[in-house]
Amino acid sequence: DNTGTAVQNPGSSSDPRRTEGEQSQTLTTRQGHPVTNNQNLRTIGSRGPTTLENYHFLEKISHFDRERIPERVVHARGAGAHGVFEAYGTVGDEPVRRYTRAKLFQEKGKQTPVFVRFSSVIHGGHSPETLRDPRGFAVKFYTEDGNWDLVGNNLKVFFIRDAMKFPDLVHAFKPDPVTNRQSGERIFDFISNTPEAMHMITLLFSPWGIPANYRQMQGSGVNTYKWVNERGEGVLVKYHWEPLQGIRNLTQPEAEKVQSKNFNHATQDLYDAIERGEFPQWELCVQIMSDGDHPELDFDPLDDTKIWSREQFPWLPVGRMTLNRNPQNYFAEVEQAAFGTGVLVDGLDFSDDKMLQGRTFSYSDTQRYRVGPNYLQLPINAPKKHVATNQRDGQMVYMVDSAPGQNAHVNYEPSNLRGLTEAPRTYPDHTPWVEGPLVRQSIERTNNFAQAGEQYRNFEDWERDDLIANLVDNLKDAAPVIQTKMVDLLTQCDTDYGRRVAEGLAQAGQSTEEDQQQAVRQAEENSHEAQPY
Ligand code: HEM
């Protein structure tokens, strides 16, 4: 286990690296100089001025000046924990080997260490955890074949199906570039022109958009991946995490109550539960579909705005994850953790899902900027296995990833002089046949509204009431063209859905003027000038 090493002190009391008189707790600089005065600047007389050769002070303050790194551009607020994944060896009633050769799933009881980071999406690193947002659910499996990252969300679908649109989607949800406030009008300006978002919007503005905490929420890989067996044959898969603690969501008023007292409640809930020894668990399930475009379905299996119905594609359990250890240091482990959809092991593969392919470039690209080009050498990100590359140098290189016995002069391949060599191939590659015209086109089977309508009808009454109230609240100050377009789109999902939002908006429009006058009167009555001191 190498995750703790970065934050532990090296020495015990007999540490030979300690000089005469130094205790294990003696403060030093990073150069190893014992610090005899950590309270005062070096000054001419006790009232100054200061001198410039204050090495200890300059090191201390300049390191402090660099303590923050860029936040994640999305999913900045998060909490993490370590744990273990235990395989069942089967997928439903069948041996898992039939579908995938990935080693972590093969034997019943096989354990793989994991690190999980949960997150909200839009706002900054210290924003309230009660905000309406999808929740990130990112899992790093440190397998014997290297790392596998499953980077998912709590909801099972997404707003868009083409990676080209992601920066626009995020800009619309992020604070206004002028006022620095999130705006319902900007969000729905984009969404009213994005019919494929109706399914996700229907979930997000319902109580499912505010999970009560991280332990009682589901996770989903959302995008379609592949499993590949020993013969090189692939099937399409979707991944889902089912919480064994049950699922709990908050209505908007419930969330506001929590937020007024504690804006870190989800981080606290996860940390405290693990400290108490109440280890949260999730079962990992997969849905399997044969590889292909499946014209018999009313949606495209590569479309991440759709769910695969459980009746047709049952959730088949493959293992269980337990989170049982809190990070020792938030920054070293949670903040610097880097997950990406490209991080797969043998037996797992990409599908042609266009979102998945776009994501796969984006994650490691942002991490080279956010953490640095050698982010994979950090203990939290490094695999817990042999790593030997010819990649060298760059900012903050921490070690040379060479193999024992490797000729240190040879940082290229191929070579005759004891350089690194390619691994033997154990199984045939998965080699799907691809042909077609090179185009910029949407998929054909968009079917943007059916599943959104079905979801609307499936909600319980209190969930539907909360959904309508939240949509009306966010749309009531939007330009009429946006309101009209939204009502039109929601009506195509379900006529009752569109009607209720339209009625809510009409009512809100009538009451707005009276409300405003009332609010002004109230503010005047309540205002007390503060006294200068
Ligand atoms: C984080 C890009 C869609 C789940 C991120 C980050 C980027 C990004 C740049 C920050 C990563 C970092 O700084 O380490 C994209 C792009 C997408 C996309 C370009 C679409 C084309 C999605 C979808 C999901 C998702 C569909 C859910 C299935 C996450 C999660 C994180 C994240 C969970 C946080 C990972 C962590 O905890 O460090 N995404 N994303 N993203 N994304 Fe996406």
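Residues numbered from 1 in each chain as written. Predicted model: local features only at pLDDT ≥ 70, side-chain atom pairs only at ≥ 80, totals over all residues.

Draft legend 1. Structural context of the site of the ligand. The full set close to the ligand counts 27 residues, and His 75, Arg 117, Gly 136, Ala 163 and Val 222 are the nearest of them. No other element matches helix α8 (residues 354-370), which puts 8 residues into the shell around the ligand. Classifying every residue of the shell around the ligand gives 13 nonpolar, 10 polar and 4 charged. (Near = placed C-beta within 6 Å. Helix = DSSP H or I, 4+ residues; strand = E, 2+ residues; numbered from the N terminus. Nonpolar A, V, L, I, M, F, W, Y, C, P; charged D, E, K, R; others polar.)

Draft legend 2. Spatial organisation of the environment of Glu 463. Along the polypeptide, Glu 463 turns up in helix α10 (residues 461-475). Between the C-alpha atoms of Glu 463 and Phe 205, which are 258 residues apart in sequence, the distance is 9.4 Å. With near-sequence residues (within four places) excluded, Glu 463 lies in contact with Ser 206 and Pro 207. (Contact = placed C-beta atoms within 7 Å.)

Draft legend 3. Expanded view of the packing of helix α2 (residues 166-173) against helix α3 (residues 184-191). Axis separation between α2 and α3 bottoms out at 7 Å; the angle between their running directions is 155°. Judged by the angle between their axes, α2 and α3 are roughly antiparallel. On α3, the residues touching Asp 168, Leu 169, Ala 172 and Phe 173 of α2 are Arg 186, Ile 187, Asp 189 and Phe 190. Of the residues belonging to the contact of α2 with α3, the class tally is 5 nonpolar, no polar and 3 charged. (Axes fitted to C-alpha atoms, helices over the stretch in contact; angles between N-to-C directions. Parallel < 35°, antiparallel > 145°, perpendicular 65-115°, else oblique.)

Draft legend 4. Up close: unusual backbone geometry. A cis amide bond links Gly 48 to the next residue, Pro 49, at an omega of 10°. By the secondary structure assignment, Pro 49 is in the segment before α1 (55-65). The peptide bond linking Glu 413 to Pro 414 adopts the cis configuration, its omega dihedral lying at 5°. Looking at the element boundaries, Pro 414 is found in the loop between α8 and α9 (450-458). Unlike most non-glycine residues, His 294 shows phi in positive territory, near 50°. Summarising the element assignment, His 294 is placed in the loop between β10 (281-290) and β11 (316-325). In this structure, Asn 447 takes a positive phi of about 35° despite not being glycine. Inspection of the secondary structure assignment puts Asn 447 in the loop between α8 and α9. For Asn 447, a count of 18 C-beta atoms within 10 Å gives the class partly exposed. (Buried ≥ 20, exposed ≤ 12 C-beta atoms within 10 Å, placed from the backbone.)

Draft legend 5. Inspection of the nonpolar core at higher detail. Within the largest apolar cluster, 54 residues are counted, with the highest numbers of intra-cluster contacts made by Val 116 and Val 318. Beyond its immediate sequence surroundings of up to four residues, Val 116 is in contact with Gly 80, Ala 81, Gly 83, Ala 138, Val 139 and Leu 323. Within the second largest apolar cluster, 40 residues are counted, among which are Phe 158, Ile 191, Ile 482 and Leu 489. (Core = buried A, V, L, I, M, F, W, Y, C linked by C-beta atoms within 7 Å.)

Draft legend 6. Examining the confidence of the model for the protein more closely. Mean pLDDT over the protein: 93, with 95% of residues reaching 70 or higher. Considering only residues more than four positions removed or in separate chains, one finds that residues 1-13, a stretch of pLDDT under 50, has 19 contacts. As scored by the predictor, the complex reaches a pTM of 0.93 and an ipTM of 0.97. (pLDDT = per-residue confidence, 0-100.)

Draft legend 7. Region of the structure containing the pairing of strand β5 (residues 136-143). Within β5, 8 of the 8 residues are buried, which leaves it mostly tucked inside the rest of the structure. By the alternation rule, side chains of β5 split into Gly 136, Ala 138, Lys 140 and Tyr 142 and Phe 137, Val 139, Phe 141 and Thr 143, which are all buried. Pairing of strand β4 (residues 111-119) with β5 involves 6 bridges; the strand directions are antiparallel. Bridged to Val 116 within β5 is Val 139. (Pairing = 2+ DSSP bridges.)

Draft legend 8. Summary view of helix α11 (residues 480-493). A rise of 1.5 Å per residue sets the reference length of α11, with its 14 residues, at 20 Å; its end C-alpha atoms lie 20 Å apart and thus fit the reference within 8%. Along α11, the residues that are buried comprise Ile 482, Gln 483, Met 486, Val 487, Leu 489, Leu 490 and Cys 493. Viewed end-on, α11 has its buried residues packed into an arc of 165°, placing them on one side of the element. Across from the buried face of α11, at angles greater than 90 degrees, the exposed residues are Pro 480 and Val 481. (Expected span 1.5 Å × (residues − 1). Arc of directions from axis to C-beta.)

Draft legend 9. Quick look at the pairing of β10. As paired elements, strand β9 (residues 234-243) and β10 share 9 bridges and run antiparallel to each other. Note on β10: the bridge partner recorded for His 240 is Cys 285.

Draft legend 10. Focus on the environment of Glu 335. Within the element layout of this structure, Glu 335 appears in helix α7 (residues 330-335). Put simply, Glu 335 and Leu 438 are 103 residues apart on the chain and 40 Å apart in space, counted from C-alpha to C-alpha.

Draft legend 11. Inspection of the environment of Pro 175 at higher detail. Mapped onto the fold, Pro 175 is located in the loop between α2 and α3. Looking at Pro 175, the number of C-beta atoms within 10 Å reads 15, which means it is partly exposed. For the pair Pro 175 and Met 396, spaced 221 residues apart in sequence, the C-alpha to C-alpha distance is 33 Å. Not counting chain neighbours up to four residues away, the residues in contact with Pro 175 comprise Asn 180, Arg 181 and Gln 182.

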